[in-house]
Amino acid sequence: MIYAVVFIGSLLGIVLLVGLRILLKQRTIRRFVRSVSQRFESAEARGAQLVEETIIEKPRKNPRTSAIEMQQVRSLVRSAEKAWKQEKFDEVEHLLIQALTIHPHEQDVRAQLAKLYLTTNRESKAEAMYRELLQQHDDVSFHANLGLAYYRQEKYVEACYAYQEALNRDPKNPERSAALGRACIAAKRFEEAAPLLEKAAAFLSRDTALLHLLAESYMQLSMREKAEETYRRINRLEPYNEEVKAKMKTIRDAAAAQAVLAG
């Protein structure tokens, strides 16, 4: 009986102690909240305000600064043009890159740099630059130069697509037809090459290199009569070209042998 009384007394003491501690914590929390509220009200009374989040906008360039930068770019481009005439290509590259550092998206400067890479046989760099330029500006010369960059890297199928885009935008230009025809022959697409080269040769009638390609495409398509006719055109322009005469003789001999077999 005594032990039960002691146990119940101890239990009640623990409960009272825990309850007292909880009560004290709550009073402390309420006091803290009340003090914060009072400080806030006091600050508000003194004119303080909450600072709202604001989006910081990128400052716009001063028009005067932009004009100065453009003047610097033009000066660098003029210097690059002078260096180009003197074939100082390393200096040209340095000047153009310097201009792009000032204005990274200046299209004319980027086009000049791409042309420099194509001129100095850095076709992979030229390819990359022309592809970037075409994403922003659909220019026929960019398609044509991209085609040339592909062609020189022996990417003949890609060259066909690029030259086709150039021809689509400038269909009356025989040079576009000739370029696409050359790429088609390199890609062994002779059926596509022949009409393109025919069209180009109708305007560029004295271009013997073009006529040689046309004759070759005819030979690949087993169109010997047209091939011989084309070689005769070349012979009239180059009467002392023994190679052309030999090809004409080969075509005639083949035709004769075929006639004998047929008879």
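Given the structure is predicted, the values throughout are model-derived calculations rather than measurements.

## Focus on the nonpolar core
Inference 1: Val109, Leu113, Tyr130, Leu180, Leu197 and Tyr231 are the most contacted members of the largest nonpolar core, which has 56 residues in total.
Inference 2: Apart from residues no more than four positions distant in its own chain, leucine 113 is found in contact with Glu93, Leu96, Ile97, Leu100 and Met129.

## Notes on the side chain of histidine 143
Inference 1: On the secondary structure map, histidine 143 appears in helix H6 (residues 140-152).
Inference 2: Owing to a relative accessible area of 10%, histidine 143 belongs among the buried residues under this scheme.
Inference 3: Other than its neighbours up to four places away in sequence, histidine 143 contacts Leu134, Asp138, Ala162, Glu165, Ala166 and Arg169.

## Re helix H3 (residues 89-102)
Inference 1: Helix length check: H3 (14 residues) gives 20 Å between terminal C-alpha atoms against 20 Å at 1.5 Å per residue, within 8%.
Inference 2: Taken residue by residue, H3 has Val92, Glu93, Leu95, Leu96, Ala99 and Leu100 as its buried positions. Looking down the long axis of H3, one finds its buried residues gathered within 165° of arc, a one-sided arrangement. Along H3, exposed side chains directed more than 90 degrees from the buried face belong to Asp90, His94 and Thr101.

## Description of the environment of tyrosine 117
Inference 1: Examined against the element boundaries, tyrosine 117 turns out to sit in helix H4 (residues 107-119).
Inference 2: For tyrosine 117, a relative accessible area of 6% translates into the label buried.
Inference 3: Sequence separation between tyrosine 117 and glutamate 93 is 24 residues, and the spatial gap between their C-alpha atoms is 8.7 Å.

## Considerations on the state of the cysteines
Inference 1: With the rule as written, the count across this model stands at zero disulfides.
Inference 2: Cysteine 160 takes part in no disulfide bond, and the closest cysteine sulfur to it belongs to cysteine 184, at a distance of 3.9 Å.
Inference 3: Taking relative accessible area as the criterion, cysteine 160 reaches 4% and is therefore assigned buried.
Inference 4: Cysteine 184 gets classed as buried once you look at its relative accessible area, which sits at 2%.

## Examining the confidence of the model for the protein chain
Inference 1: For the protein chain, per-residue confidence averages 82 on the pLDDT scale, and residues scoring 70 or more make up 75% of the total.
Inference 2: Residue range residues 3-7 is modelled with pLDDT below 50. Its contacts to residues more than four positions away, or to other chains, number zero contacts.
Inference 3: Confidence drops under a pLDDT of 50 for residues 39-59, and excluding neighbours within four residues, the segment shows one contact in the predicted structure.

## Focus on the packing of aromatic side chains
Inference 1: All chains considered together, the criterion is met by three aromatic pairs.
Inference 2: Seen from their ring centres, tyrosine 130 and phenylalanine 142 are 6.0 Å apart, and the 45° between their planes marks the pair as tilted. Here the residue tyrosine 130 occupies a position in helix H5 (residues 123-136), and phenylalanine 142 occupies one in helix H6, the gap between them amounting to 12 residues. Summarising the burial analysis for this pair, tyrosine 130 and phenylalanine 142 share the class buried.
Inference 3: Sitting over the face of the ring of tryptophan 84, lysine 115 holds its NZ or CZ atom 5.8 Å from the ring centroid.
Inference 4: Here the basic side chain of arginine 189 rests over the ring of tyrosine 161, its NZ or CZ set 6.0 Å away from the ring centre.

## Considerations on the environment of lysine 125
Inference 1: On the secondary structure map, lysine 125 appears in helix H5.
Inference 2: Separated by 24 residues in the primary sequence, lysine 125 and alanine 149 have C-alpha atoms spaced 8.9 Å apart.
Inference 3: Beyond its immediate stretch of four places on either side in the chain, lysine 125 contacts Glu93 and Tyr117.

## Overview of the pattern of salt bridges
Inference 1: Tallied over the full model, the rule gives 15 salt bridges.
Inference 2: In this structure, glutamate 228 and arginine 232 form a salt bridge, with 3.4 Å as the shortest nitrogen-oxygen distance. Of this pair, glutamate 228 and arginine 232 both sit in helix H11 (residues 224-237), four residues apart, which is roughly one turn of that helix.
Inference 3: Taking the relative accessible area as the measure of exposure, glutamate 228 reaches 15% and is therefore buried.
Inference 4: Using a relative accessible area of 36% as the deciding quantity, one classes arginine 232 as partly exposed.
Inference 5: Among the ionic pairs, arginine 252 bridges to glutamate 228, the shortest N-O distance being 3.7 Å. Within this pair, whereas arginine 252 is found in helix H12 (residues 242-262), its partner glutamate 228 is found in helix H11, the two being separated by 24 residues in sequence.
Inference 6: Among the charged side chains, a network of salt bridges with common partners joins Glu127, Arg131 and Lys155.

What counts and what doesn't
Residues numbered from 1 in each chain as written. Predicted model: local features only at pLDDT ≥ 70, side-chain atom pairs only at ≥ 80, totals over all residues. Heavy atoms only, no water. Core = buried A, V, L, I, M, F, W, Y, C linked by side-chain atoms within 4.5 Å. Buried < 20%, exposed > 50% of the residue type's maximum accessible area, 1.4 Å probe, protein only. Contact = heavy atoms within 4.5 Å. Helix = DSSP H or I, 4+ residues; strand = E, 2+ residues; numbered from the N terminus. Expected span 1.5 Å × (residues − 1). Arc of directions from axis to C-beta. Disulfide = S-S within 2.5 Å. pLDDT = per-residue confidence, 0-100. Phe/Tyr/Trp six-rings, centres within 6.5 Å; stacked < 30°, edge-to-face > 60°. Lys NZ or Arg CZ within 6 Å of the ring centre and 35° of its normal. Salt bridge = Lys/Arg side-chain N within 4 Å of Asp/Glu carboxyl O.

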